[in-house]
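In case you want the letters, here they are:
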Amino acid sequence: MADLPDVPTLLDAAVRSLGGTRREGQTEMAGAVADAVDRREHLVVQAGTGTGKSLAYLVPAVRHALARETTVVVSTATIALQNQLINRDLPRLAAALAPLLPREPTFAVLKGRRNYLCRNRLQTADDEAEDSELFDPRQLSSLGRQVARLHEWSEETGSGDRDELVPGVSDLAWRQVSVGANECVGARVCAFGQECFAEFAREAAQGVDIVVTNHAMLAIDMSQGNHLLPEHDTIMIDEAHELVDRATSVATGTLTERSVGTAAKRAARLVEPGISERLTECADGLALMFTDAPDGRLDHIDDGLAGAVAAVRDAASACVTAIGPSPGEQDPDSATDRKLALAALGEVHDTAVRVLESFEPALRDRTDIVWLTRAPSRPPSLSVAPLAVGGLLREKLFGDRTVVLTSATLTLGGSFSALAHQWGLGREVAEEAEAARRQEPSADTGDDNDDGPHRAAGEPRWRALDVGSPFEHARSGILYVAKHLPPPGRDGLADAYLDEIAELIEAADGRTLGLFSSMRAAQQATDALRERLDHPILCQGDDSTGQLVSRFADDERACLFGTLSLWQGVDVPGPSLSLVVVDRIPFPRPDDPLASARQRAVGAHGGNGFLAVAATHAALLLAQGTGRLLRSTDDRGVIAVLDPRLATARYGGFLRASLPPYWGTTDPSVARSALRRLSGRVTPEPA
């Protein structure tokens, strides 16, 4: 393609067209992204809120796509950012850059097949509902109404994308009308192959400059051999701090009585009754063993549970054998039955195999962790997940393409190394150069790719960059740690904590986002303070999160309390938010199976498991949560962390180093005075 304008020229044009102003961090990041793409070198960029990081990676991405006539993939963690990119950022950017380019840039969104309505499955949804494991007539009635609504929506929608269905439906209802990639019979066989929403989305993504997807789809693409996404040589990963959790979720297998029973019912349509009935009996046996097995992480598996899982494995294998190889030409209904049965059987078989094989190595050498979950409203489930996904990412993500990873929060304890290790990256290029300058002992790996003297074989080459933030954190925000409070207990919020929250809310005149470590704590604070305060207090669960955030933003005297999704999902600039309250440091629960196993594994190999896992998890969430305060350069406010350990514990320094440089205090009167001034209830004294 003809010579194109350079990235600074394109970025300036985009910023002018969109009515923005040039930002130093944005310019620095865009240049670094362009250099990384040119050098075929991975880049990790921390770009604080307000930097304009979306444009900083989209402009180089567009230029590279047009210059090389290739596709660049952009991956996000949240639906909100995915929709923002597709519906706002990319259309405006394409229009702004079109006059400077040979043609207007093109883009499309691509999600996993399960996100799109399947017309073929829709025809059998009623039969599937009757076959479900629901026994409550009210639930069955609700499911029927939702499926009926999906029938109506199928005649109206142009995309079949679940995210465009408002209001939404339950996961159970959506499963009746969607298929995973392993359940799809294929467009050539399917009676609705010419009307397939998922195929439409894939066709739309072929040949465009930018494809926007999500981390889960990216992980599925990696695990299935990198063939679901269009061919590409560059990936931009936004919200990169979420990548490990999303990849872990995709790699997690689960066995339940229902999943085994469903596989048996699907197989029953294709095999002799005795063969499928054996698998049904195995589902019952598995449920019986669940009643005696301990809840939580399983370091050892008793003979009874191991026998039940092995029986599921063998019975599922027998069903697959009985179904036999494909008979060739089939009618669409038979092909669908066969594909759905094999998918369900394969899933329970492979999960059972993983569960049993995970216990074979010695404890310190295991790569998978198994746990049993019991919840009041759900049947027991047995899950297996990888202890780490760094190896998968190193091999499948960082192999033969350029990857740019960015987020507002990537340095923990002041370093990129914690997340880089989780992603499967080794030493950064700058660290290698410094090590070489100091002439540290070199690890001879036999690798002659000129990757530096301290690069282990197969480790990707990468650089890190922190472009800062346009916010003056020390002038705009106060980090108040309630050092005088007792350490948080296990029996809910102490009265002293409720008193502290009430006094802070009164000083702020509402305007408070309360981030709690559990839903129990959020509900306790809501119930107690609704009786004590004359401020509207909204609580997560009262309505959809989007509706609650809108009501909170519209009423400056309101408060919003909630848990995990609010730590990362609230964007309320302006006077409606001037106080963020954090009840305790968000360490993972001590009985969290994955976190505890990962912590133990690090310790078994000589590392600091608490710092590498628990403290890193807490630092990431704390940085995300406190980041809700300053959403524009005009915002001002106070972050109140009620957990005194942030000021007193040895690990407190690591956690504070993971936060922006707010002005700090442990004096409650200083925090309250600042909040009163911000709320206009106290006239500042003349300077």
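See the structure printed just above.
Computed from a predicted structure; not experimentally measured. (Residues numbered from 1 in each chain as written. Predicted model: local features only at pLDDT ≥ 70, side-chain atom pairs only at ≥ 80, totals over all residues. Heavy atoms only, no water.)

### A word on the overall build of the protein
Next, step 1: Looking only at helices and strands, one finds 28 helices and 18 strands in the protein.
Next, step 2: For 687 residues, the compact-globule estimate of 2.2 N^0.38 gives 26 Å, and the C-alpha radius of gyration of the protein, at 27 Å, lies within 12% of that figure.
Next, step 3: Over its C-alpha atoms, taken along the principal directions, the protein stretches across nearly 90 × 70 × 60 Å.
Next, step 4: In the protein, buried positions account for 51% of the 687 residues. (Helix = DSSP H or I, 4+ residues; strand = E, 2+ residues; numbered from the N terminus. Rg over C-alpha atoms; globule rule 2.2 N^0.38 Å. Buried < 20%, exposed > 50% of the residue type's maximum accessible area, 1.4 Å probe, protein only.)

### Regarding helix α16 (residues 390–397)
Next, step 1: Of all the residues in α16, the buried ones are Gly-390, Leu-393 and Leu-397. End-on, the buried residues of α16 take up no more than an arc of 75°, which puts them together on one face. (Arc of directions from axis to C-beta.)

### Quick notes on the environment of Trp-462
Next, step 1: Summarising the element assignment, Trp-462 is placed in strand β11 (residues 462–466).
Next, step 2: Each C-alpha atom of the pair Trp-462 and Asn-115 lies 33 Å from the other, and the pair is 347 residues apart in sequence.
Next, step 3: Within polar-contact distance, the side chain of Trp-462 engages the backbone oxygen of Gly-426 at 3.1 Å.
Next, step 4: At 3.3 Å, the side chain of Trp-462 forms a polar contact with the backbone oxygen of Arg-427. (Polar contact = N/O pair within 3.5 Å; in protein donor to acceptor, adjacent residues only side chain to side chain.)

### Topic: the sheet that holds strand β13 (residues 512–515)
Next, step 1: The sheet built from 7 strands is open, its strands ordered β14-β15-β13-β16-β17-β12-β18 with parallel pairing. One side of each edge strand has no neighbouring strand; the edge strands of this open sheet are β14 (537–539) and β18 (663–665). Sheet twist, expressed as the mean angle between neighbouring strand axes with direction ignored, is 20°.
Next, step 2: In this structure, strand β12 (residues 477–481) lies alongside β18, joined through 3 bridges in parallel fashion. In the strand pairing of β18, Leu-479 is matched with Gly-664.
Next, step 3: Each of β12, β13, β15 (559–562), β16 (579–582) and β17 (637–641) is contacted by helix α20 (residues 495–508), which is oriented at about 175° to β16, the strand it contacts most.
Next, step 4: Sheet contacts for helix α21 (residues 519–532): β14 and β15; angle to β14, the most-contacted strand, approximately 155°. (Pairing = 2+ DSSP bridges. Axes fitted to C-alpha atoms, helices over the stretch in contact; angles between N-to-C directions. Contact = heavy atoms within 4.5 Å.)

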